[in-house]
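The residues making up each chain are set out below.
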Amino acid sequence: MSVIDKSEKKVLMISGVVIALFIFSMLYAKDQYNSNVPECVPFDKAYTEPKVVQLDEKTYQVFSVASMWQFEPAEIYVPVGSEVDFFLSSKDVVHGFNIAEKNVNMMAVYGNINKTTVKFDKKGVYKITCHEYCGVGHQNMQAEVIVHEPQSK
Ligand code: CUA
């Protein structure tokens, strides 16, 4: 017979419940707030050249490169309903990449590529801001995603 103290059993049970709750709340949040967990992509130099690539009518890839103190490309035009994969890298120090309205929160790290996918269902201008202090120009470091009606730009 194994000997587990009663109080120990209790602690194990409680830990189990807390962990289950934690996992549940993460999955719940992922669903409810449509928050995409950023992925790490194997480093490839090809990702560090700023560009916007259109894959089909409503699918885009944005290769966003952060540096002191800008994001390139600074203006990204996509039509309403687009799904955009952001591949983020940095040329120098660590920068942040935040799209507040879209719950996007990533880090731009030299030598790394971080990826997330965002769907833009509504027309408007979505600010991308650096939210990691990166030097004197930090507060001016931003870019925008301009989501327009399909025909206009
Ligand atoms: Cu880049 Cu702060």
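In this text the structure is predicted, and so the values were computed from the model without any measurement. (Residues numbered from 1 in each chain as written. Predicted model: local features only at pLDDT ≥ 70, side-chain atom pairs only at ≥ 80, totals over all residues. Heavy atoms only, no water.)

**So, the overall build of the protein**
Which entries qualify depends on this criterion: Counting from the N terminus, the helices are the DSSP runs of H or I reaching at least four residues and the strands are the DSSP runs of E reaching at least two. Our radius of gyration is a C-alpha quantity, and the globule rule it is checked against amounts to 2.2 Å times the number of residues to the power 0.38. To sort residues, take the accessible area from a 1.4 Å probe on protein chains only and compare it with the maximum for the residue type: under 20% means buried, over 50% means exposed, and anything in between is partly exposed. Any pair of residues with heavy atoms lying within 4.5 Å of one another is described as a contacting pair.
When helices and strands are counted, the protein shows one helix and eleven strands. Taken from the N to the C terminus, the helices and strands of the protein come in the order α-β-β-β-β-β-β-β-β-β-β-β. The C-alpha radius of gyration computed for the protein amounts to 20 Å, which surpasses the reference 15 Å derived for 153 residues by more than 25%, pointing to a less compact arrangement than a globule. Each of the three principal axes of the protein carries a C-alpha extent, and together these read 70 × 35 × 30 Å. By the burial criterion, 34% of the 153 residues in the protein qualify as buried. Taking contacts inside the protein between residues at least 6 apart in sequence as the whole, the part at least 24 apart equals 59%.

**Points about the pattern of salt bridges**
As a reminder of what qualifies: Salt bridges, as used here, are contacts in which a Lys or Arg side-chain nitrogen is within 4 Å of a carboxyl oxygen on Asp or Glu.
If you walk through the whole model with that rule in mind, you get three salt bridges. Here Lys91 and Glu72 are joined by a salt bridge, their closest N and O atoms 3.4 Å apart. Linking Lys91 in the loop between β6 (82-90) and β7 (95-99) with Glu72 in strand β4 (residues 70-72), this pair joins segments that are 19 residues apart in sequence. For Glu72, a relative accessible area of 23% corresponds to the partly exposed category. In this structure, Glu144 and Lys127 form a salt bridge, with 2.6 Å as the shortest nitrogen-oxygen distance. You can see Glu144 sitting in strand β11 (residues 142-148) and its partner Lys127 sitting in strand β10 (residues 124-129), a full 17 residues away along the chain. Judged by relative accessible area, which is 34%, Lys127 ranks as partly exposed.

**What about the nonpolar core?**
As a reminder, the rule being used: Put simply, a nonpolar core is a bunch of buried Ala, Val, Leu, Ile, Met, Phe, Trp, Tyr and Cys residues held in one set by side-chain atoms that sit within 4.5 Å of each other.
By size, the foremost hydrophobic cluster in this structure holds 25 residues, and its most contacted members are Phe71, Val78, Phe86, Phe97, Phe120, Ile128 and Val145. Apart from residues no more than four positions distant in its own chain, Phe97 is found in contact with Ser64, Phe71, Phe86, Leu88, Val104, Asn105, Met106, Ile128, Thr129 and His131.

**A few points about the domain arrangement of the protein**
Formally: The source of the domain bounds is an automatic or database domain assignment.
By the assigned domains, the protein splits into domain 1 (1-35) and domain 2 (42-148). Taking only C-alpha atoms, the centre of domain 1 and the centre of domain 2 are 36 Å apart.

**Brief notes about the environment of Lys127**
Under the convention used in this document: Contacts described as polar in this section are N or O atom pairs within 3.5 Å, which, within protein, must combine one atom able to donate a hydrogen with one able to accept it, while residues neighboring in sequence count only if both atoms come from side chains.
Through-space distance from the C-alpha of Lys127 to that of Glu75 is 9.7 Å; in sequence the pair is 52 residues apart. With near-sequence residues (within four places) excluded, Lys127 lies in contact with Asn98, Ile99, Ala100, Glu101, Gln142, Ala143 and Glu144. Of the polar contacts made by the side chain of Lys127, one reaches the side chain of Glu144; its length is 2.6 Å.

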